[in-house]
Amino acid sequence: MLAVTIVTAMVAVAAAEQATVQVTLQQGAITGSREEAINGRMYYSFKSIPYAKPPVGPLRFKKPEPADPWSGVRNGSLPIPKCPQLSSRVPGAIDGQEDCLYLNVYTPKPYESNLPVMVYIHGGAFLVSSAGEGGSPAPLMQKDIVLVTMNYRLGALGFLSTGDDVLPGNLGLLDQTMALQWVQDNIRSLGGDPNQVTIFGASAGGISAHLHILSPFSRGLFKRAILQSGTALLASLEFSREGAISVSKTLKCHGEQSQQLLTCFKKATVKDLVYAQYSLGKWYGLPLTVAPRVDGSFLPNHPAILIRSGHYNNVDMIIGTVQDEGNLVTAGLFSKAGEEALQQLNDNFNKVGPILLGVTKEENPVYLARRVFLRYMSDLNVTMDDEPALTRIIGNQGFQVHGAQSAGFHARRTSRVFMYEVHHHLEQSFMTLFTNTSIERQMAGHGDDILYMFQFPEFLEPLHRPQDLHVQETFLTLWTNFASTGNPTINGDLGFRWAPVTPSDPLRYLSITTTPTMQQADRSLLNFWNCLPTKTTKLLYPELFLQDAEE
């Protein structure tokens, strides 16, 4: 019996050394292609695996259904198609196709070996990008993990809602859930352990990961989660039916009853739906009116209520940001293309300021916007000299504060919660790939952490500065240690310890630099944001607004 086991293992290893390898999934057989990680390690990629039926024809605007099996041997080297979105290369063009519910799997051991699994949910404001984001996972695949990346429906096709049961919305999130179920059913055949799944993502991917923590639909589908530059508190939840009616007017639909809207949306072309969703922005593409919503099922209640009450899936978590998150907006504002939008902000602050800060649905949006700006700036006129302050405003409001709020509440119930902020400045910030910005100062900007994990060979050279490579190795080790054990610094190999957040010390975080250290978040700044009378803060901290309630 021992001899048979040894021979079987030798055959498996020999197979893994071939240029291609074939595995059998529940749906059928598929071949994988050998690729090379940045340290020379070999791994196998299995691309464009269908996890749901094509959401076309009668399945458009329907919940995803499991993909059908296939006959023969599927080619696992085909590039994954994008879901429909505006092209980043050709102005006005549409990229992608409706038949887009596929995922990729990357594994160093394409046979049963029980490696931890990391499932990446791409960002892109729920409007753009795909599972092919980054082009190559070569940095991550240095490590002993199985990586899964997934597509999900975007924009109108994934998040349009009539605000009721006719078109509840959140289809993109239900797609993600089905992909997670596919992982549970198939990942053993690709070397992964379904009991050691970590979901992670940046920006909208981080928001998505947090929403899965809050959703009963995702219970038992993962063990850990990493929220990078996005939490559920950042999600746009207030515009579901309003967004649908706005889209219907752009499409020249007849009638505003929910069934009439759905009938019209089903008849519309993909091109018209994508264009319609982009026509809704009031200023600089904001606010996002087609996005996740509280539907009473996937998301049972407002995220703030679920977080405060402890009604969520209890999993280990990492929550964090980069230092200059606000360059997501300011990189474009302080460019030739953003001159008009910046002028509109200065000429009509009472209208644009609340849109920029996402407070248009609050009771006193103009007061809130002014109060925030004057906490950071001397007046309301924004010039190039005010760029650092405006970048801090947007970063604090949208990312750092929500991250700290979430970490503090989750630490009261969750096994372990670790908080971080990336302070290392890469040679080129992620956002400069997309904007010809006039900002010259170095930043740790929005999306920079993606560059530690993935490569963008078509846009950017791989990291090569010694200090960048050093931080990359630290970052990858922390992330994969967490995926393996739930503890980013399980041993002393990195020379420091990342202490988790605790109820008695909710503000400590790891500053990720060439020499990481534990730091304390600015309590006075957090208190300022926590006391702003917004819907979210009132739900999180009702005790701070008791007098308002009595009056």
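Starting afresh in each chain, residues are numbered from 1 along the sequence in its written order. pLDDT decides what is reported in this predicted model: residues at 70 or higher carry local features, side-chain atom pairs at 80 or more are listed and counted, and totals for whole chains, interfaces and linings draw on all residues regardless. Note: side-chain values were computed over all heavy atoms of the structure, leaving out hydrogens and water.

So, on to the overall build of the protein chain. Helix and strand assignments come from DSSP, with helices taken as H or I runs of at least 4 residues and strands as E runs of at least 2, each series counted from the N terminus. Each helix and strand counted, the protein chain has 18 helices and 15 strands in total. The quantity called the radius of gyration is restricted to C-alpha atoms. Its globule counterpart is 2.2 Å times the number of residues to the power 0.38. Taken over the C-alpha trace, the protein chain has a radius of gyration of 23 Å; the compact-globule value for 551 residues is 24 Å, and the two agree within 12%. Within the protein chain, the proportion of its 551 residues that are buried is 58%. When contacts within the protein chain are restricted to residue pairs at least 6 apart in sequence, long-range pairs at least 24 apart make up 73% of them. Note on areas: these come from Shrake-Rupley sampling with a 1.4 Å probe, and a residue is covered only by the protein chains present in the view. Accessible surface, the protein chain as shown: approximately 22400 Å² in total, 51% of it carbon and sulfur. Any residue under 20% of the maximum accessible area for its type is buried, any over 50% is exposed, and the rest in between are partly exposed; the area is computed with a 1.4 Å probe on protein chains only. Here a residue-residue contact requires only that any non-hydrogen atoms of the pair lie within 4.5 Å.

On to the packing of aromatic side chains, then. Between the rings of Phe, Tyr and Trp (Trp by its six-membered ring), a pair exists once the centres lie within 6.5 Å; its type follows the angle of the planes, with under 30 degrees stacked, over 60 edge-to-face, and the other angles tilted. Scanning the entire structure with this criterion turns up 19 aromatic pairs. A centroid spacing of 6.3 Å and a plane angle of 85 degrees characterise the contact between Phe418 and Phe482, whose relative ring orientation is edge-to-face. One end of the pair, Phe418, is in strand β13 (residues 417–422); the other, Phe482, is in helix α15 (residues 466–485), and 64 residues separate them in sequence. Each member of the pair Phe418 and Phe482 is classed as buried. Ring pairing ties together the aromatic residues Phe418, Tyr420, Tyr452, Phe475, Trp479, Phe482 and Trp498, which thus form one cluster. Note on geometry: a ring has a charge over it if NZ (lysine) or CZ (arginine) is within 6 Å of the ring centre and within 35 degrees of the ring normal. The ring of Tyr376 carries the charged tip of Arg375 above its face, separated from the ring centre by 6.0 Å. Over the face of the ring belonging to Phe528 we find Arg375, whose NZ or CZ atom lies 5.3 Å from the ring centre.

Note that a disulfide, as used here, is simply two cysteine sulfur atoms within 2.5 Å. In this structure the tally under the stated criterion is 2 disulfides. With its sulfur 2.1 Å from that of its partner, Cys83 forms a disulfide with Cys100. Looking along the S-S bond of the Cys83-Cys100 disulfide, the torsion reads about 90 degrees, which is the right-handed sense. Taken as a pair, Cys83 in the loop between β4 (73–75) and β5 (85–86) and Cys100 in the loop between β6 (94–95) and β7 (102–107) lie far apart in primary sequence, 17 residues in all. Each member of the pair, Cys83 as well as Cys100, is classed as buried.

This part is about helix α7 (residues 270–278). Those residues of α7 that sit buried are Leu273, Val274, Ala276 and Gln277. For α7, the angular spread of buried residues about the axis comes to 160 degrees, placing them on one side. Where α7 is buried, its residues touch β5, β6, α2 (155–159), α5 (240–250) and α6 (258–267). What the arc describes is the spread of directions from the helix axis to the C-beta atoms.

Cavity: a set of points on a 1 Å grid over the protein atoms alone where a 1.4 Å probe fits but cannot get out. Pocket: an open set with protein on both sides within 12 Å along at least five of seven lines, its lining residues, like those of a cavity, having an atom within 4 Å of a point. Grid points are joined across faces, edges and corners, and a volume is the space filled by probe spheres set on the points. Within the structure shown, the criterion is met by 4 cavities of 30 Å³ or more. Residue lining of the largest cavity: Pro55, Cys83, Pro84, Glu98, Cys100, Arg153, Leu154 and Leu157, and that is the complete set. Residue composition of the lining of the largest cavity, grouped by class: 6 nonpolar, no polar and 2 charged. Estimates place the volume of the second largest cavity at around 40 Å³. Around the second largest cavity, the lining is made up of 10 residues, and of these Phe159, Ser161, Ser240, Thr289 and Val290 lie nearest the centre. For the lining of the second largest cavity, the element with the highest residue contribution is α5, accounting for 3 residues. Amino acids outside the nonpolar list (Ala, Val, Leu, Ile, Met, Phe, Trp, Tyr, Cys, Pro) and the charged list (Asp, Glu, Lys, Arg) are all regarded as polar, and Gly is one of them.

What follows concerns the packing of helix α13 (residues 387–410) against helix α16 (residues 523–530). Helix axes are fitted only over the stretch in contact, all axes being lines through C-alpha atoms; the angle between N-to-C directions runs from 0 to 180 degrees. Where α13 contacts α16, the axes come no closer than 11 Å and their chain directions differ by 95 degrees. If you check the angle between α13 and α16, you find them roughly perpendicular. Contacts from Ile393, Asn396, Gln397, Val401, Ala404 and Gln405 in α13 reach Leu525, Leu526, Trp529 and Asn530 in α16. Here the residues of the contact of α13 with α16 sort into 6 nonpolar, 4 polar and no charged. Throughout this description, any angle smaller than 35 degrees is read as roughly parallel, any larger than 145 degrees as roughly antiparallel, any in the 65 to 115 degree range as roughly perpendicular, and the remainder as oblique.

Attention now moves to helix α12 (residues 365–376). Expected span of a helix, by definition, is 1.5 Å for each gap between consecutive residues, and there is one gap fewer than residues. Along its 12 residues, α12 runs 17 Å from first to last C-alpha, staying within 8% of the 16 Å computed at 1.5 Å per residue. Here the buried face of α12 lies against α11 (349–357), α13 and α16.

Throughout this description, the term salt bridge denotes a Lys or Arg side-chain nitrogen within 4 Å of a carboxyl oxygen of Asp or Glu. In total, this model carries 17 salt bridges according to the counting rule given. Across the pair Asp175 and Arg153 runs a salt bridge, and its minimum N-O distance is 2.8 Å. Here Arg153 lies in the loop between β9 (146–150) and α2 and Asp175 lies in helix α3 (residues 171–186), a separation of 22 residues in the sequence. Both residues of the pair, Asp175 and Arg153, belong to the buried class. A salt bridge links Arg508 to Asp505; its shortest N-O distance comes to 3.6 Å. Judged by relative accessible area, Arg508 falls into the partly exposed class, the value being 21%.

Only one face of strand β1 (residues 20–24) is covered, namely the face carrying Val21 and Val23; the face carrying Thr20, Gln22 and Thr24 is uncovered. Pairing geometry for β1 and strand β2 (residues 29–36), over 5 bridges, is antiparallel. Directly across from Thr20, in β2, lies its bridge partner Ser33. Strands are labelled as partners when DSSP assigns at least two bridges between them. Between β1 and the antiparallel strand that follows it, β2, lie 4 residues; Gly28 among them carries a positive phi value of about 155 degrees.

In this approach, a probe sized like a water molecule rolls over the atoms, and the result shows the empty space that is left. Taken as a whole, the second largest pocket encloses approximately 460 Å³ of empty space. As for the second largest pocket, its lining consists of 25 residues, of which Asn396, Gln400, Glu421, Ala521 and Leu525 are closest to the centre. Contributions of two or more residues to the lining of the second largest pocket are made by β12 (316–322), α13, β13 and α16. Residue composition of the lining of the second largest pocket, by class: 10 nonpolar, 10 polar and 5 charged.

Strand β10 (residues 192–202) sits mainly inside the fold: 10 of its 11 residues count as buried. Relative to strand β11 (residues 224–228), β10 runs parallel, the two being bridged by 5 bridges. Bridging across to β11, Ile199 finds its partner in Ala225. Following the chain from β10 across helix α4 (residues 204–214) to the adjacent parallel β11, one finds a crossover that is right-handed. The handedness of a crossover follows from its direction of travel: if, with the strands pointing away from the viewer, the path from the first strand over the helix to the second runs clockwise, the crossover is right-handed.

This paragraph deals with the packing of α3 against α4. Packing of α3 against α4 leaves a shortest axis separation of 11 Å and a crossing angle of 75 degrees. The angle between α3 and α4 falls in the class roughly perpendicular. Every residue of α4 that contacts α3 at Leu173, Gln176, Thr177 and Leu180 is listed here: Ser208, Leu211 and His212. Residue classes in the contact of α3 with α4 are distributed as 3 nonpolar, 4 polar and no charged.

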